[in-house]
Amino acid sequence: MSQIGKQIIDFEVQAYANGEFFPISKKDIMGRWSVFFFYPADFTFVCPTELEDLADKYDEFKKLGCEIYAVSCDTHFTHKAWQDASETIKRVKYPMLGDPTHVLSRGFDVYIEKAGVSERGTFVVNPQGEIVAYEVVAGNIGRNADELLRRVEALQFVAAHGDEVCPARWTRGAATLKPGIDLVGKI
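Analysis parameters
Residues numbered from 1 in each chain as written. Predicted model: local features only at pLDDT ≥ 70, side-chain atom pairs only at ≥ 80, totals over all residues. Heavy atoms only, no water. Helix = DSSP H or I, 4+ residues; strand = E, 2+ residues; numbered from the N terminus. Buried < 20%, exposed > 50% of the residue type's maximum accessible area, 1.4 Å probe, protein only. Contact = heavy atoms within 4.5 Å. Pairing = 2+ DSSP bridges. Axes fitted to C-alpha atoms, helices over the stretch in contact; angles between N-to-C directions. UniProt positions renumbered as here; feature names shortened; annotations may be inferred. Core = buried A, V, L, I, M, F, W, Y, C linked by side-chain atoms within 4.5 Å. Polar contact = N/O pair within 3.5 Å; in protein donor to acceptor, adjacent residues only side chain to side chain.

Asks: Looking at this structure, I do not really get the overall build of the protein chain. What am I missing?
Replies: A count of helical and extended segments in the protein chain gives six helices and nine strands. Dimensions of the protein chain, computed from C-alpha atoms along their principal axes, come out at roughly 55 × 30 × 30 Å. Residues counted as buried form 45% of the 187 residues belonging to the protein chain. The contacts in the protein chain between residues at least 6 apart in sequence include a share of 64% that link residues at least 24 apart.

See below:
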């Protein structure tokens, strides 16, 4: 069943970022763009490469008014220990959300019951708290922060210009399309 347009669940979890623990709830994310980036577990193999890739692009997401939330079923304490132990994860400045009760991974429908971890799911949430894009990939495949950034830019453009759409490989500043009968069969 599609998650597009689904309102995210009410939640409150503990986060770790920049040497601090703090709560994050649904009310904290309302009114701005967010990316929920689920990954299976801390201290693993593919996960740190993805978190580093996002860390490299974090300032660009922030310029778009978009917050990144990395989520695993680990605790916020484990996130801190991972940052303390890993030079790669020390570069992460965005909040890392602990989900030991699986409220988020179940709420976004990425929890793997048998394994006790989440799938590699990426969800873009608009300022109204609705899922407007998502992708779930196999656990052994890393995701690409450049494509996620491009997708957020396109989603924001379409939200601001409802009568225009973004073609494949669209990037900010490139031509868009205005759907209408005059385009039918001409593309």
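Asks: What is the right way to read the sheet that holds strand β2 (residues 20-25) from this model?
Replies: Through backbone hydrogen bonds, the strands of a sheet pair up, either in parallel or in antiparallel fashion. Strand order in the open sheet formed by seven strands is β2-β1-β5-β4-β3-β8-β9, and the pairing between neighbours is mixed. Of all the strands in the sheet, the pair left with one neighbour each is β2 and β9 (131-137). Strand after strand, the sheet turns through a mean of 25° between neighbouring axes, direction not considered. The pairing of strand β1 (residues 12-17) with strand β5 (residues 96-98) spans two bridges and is classified as antiparallel. Among the inter-strand pairings, Y16 is bridged to a residue of β5, identified as M96. Running at roughly 165° to strand β4 (residues 66-72), helix α2 (residues 46-63) makes contact with β3 (33-38), β4, β5 and β8 (120-125) of the sheet.

Asks: Hey, could you run me through the UniProt feature "active site" (unreviewed entry) in the protein chain in this one?
Replies: UniProt annotation of "active site" (unreviewed entry) refers to C47 when read in the numbering used here. With respect to the element layout, C47 can be found in helix α2.

Asks: Whenever I open this one, the nonpolar core confuses me. Can you help?
Replies: If you look at soluble globular proteins, the nonpolar side chains tend to sit buried side by side. Counting 26 residues, the largest nonpolar core has V35, L51, L54, F61, Y94, M96 and V124 as the members making the most contacts within it. Those elements that provide at least two residues to this core are β3, α2, β4 and α6 (145-160). Looking at this core, the element that brings in the most residues is α2, giving six residues. Contact partners of V124, with chain neighbours within four places excluded, come to W33, S34, V35, E130, I131, V132, A133, L148, V152 and L155. Membership of the second largest hydrophobic core comes to 17 residues, among which are I8, V13, V110 and F123.

Asks: I keep staring at the environment of R120 and nothing clicks. Help me out?
Replies: Following the sequence through the fold, R120 ends up in strand β8. Considering only alpha carbons, one finds R120 and D74, 46 residues apart in sequence, at a separation of 14 Å. A distance of 2.8 Å separates a polar side-chain atom of R120 from the backbone oxygen of G139.

Asks: Could you clarify how one ought to interpret unusual backbone geometry in this entry?
Replies: A negative phi angle characterises most non-glycine residues, just as the trans form characterises most peptide bonds. The backbone phi angle of H102 is positive, close to 70°, even though this residue is not glycine. As for its position among the elements, H102 is in the loop between β5 and α5 (103-107). One non-glycine residue, D109, lies in the positive phi region at around 60°. Of note, D109 is situated in the loop between α5 and β6 (111-112). Residue class for D109 comes out exposed when judged on its relative accessible area of 62%.

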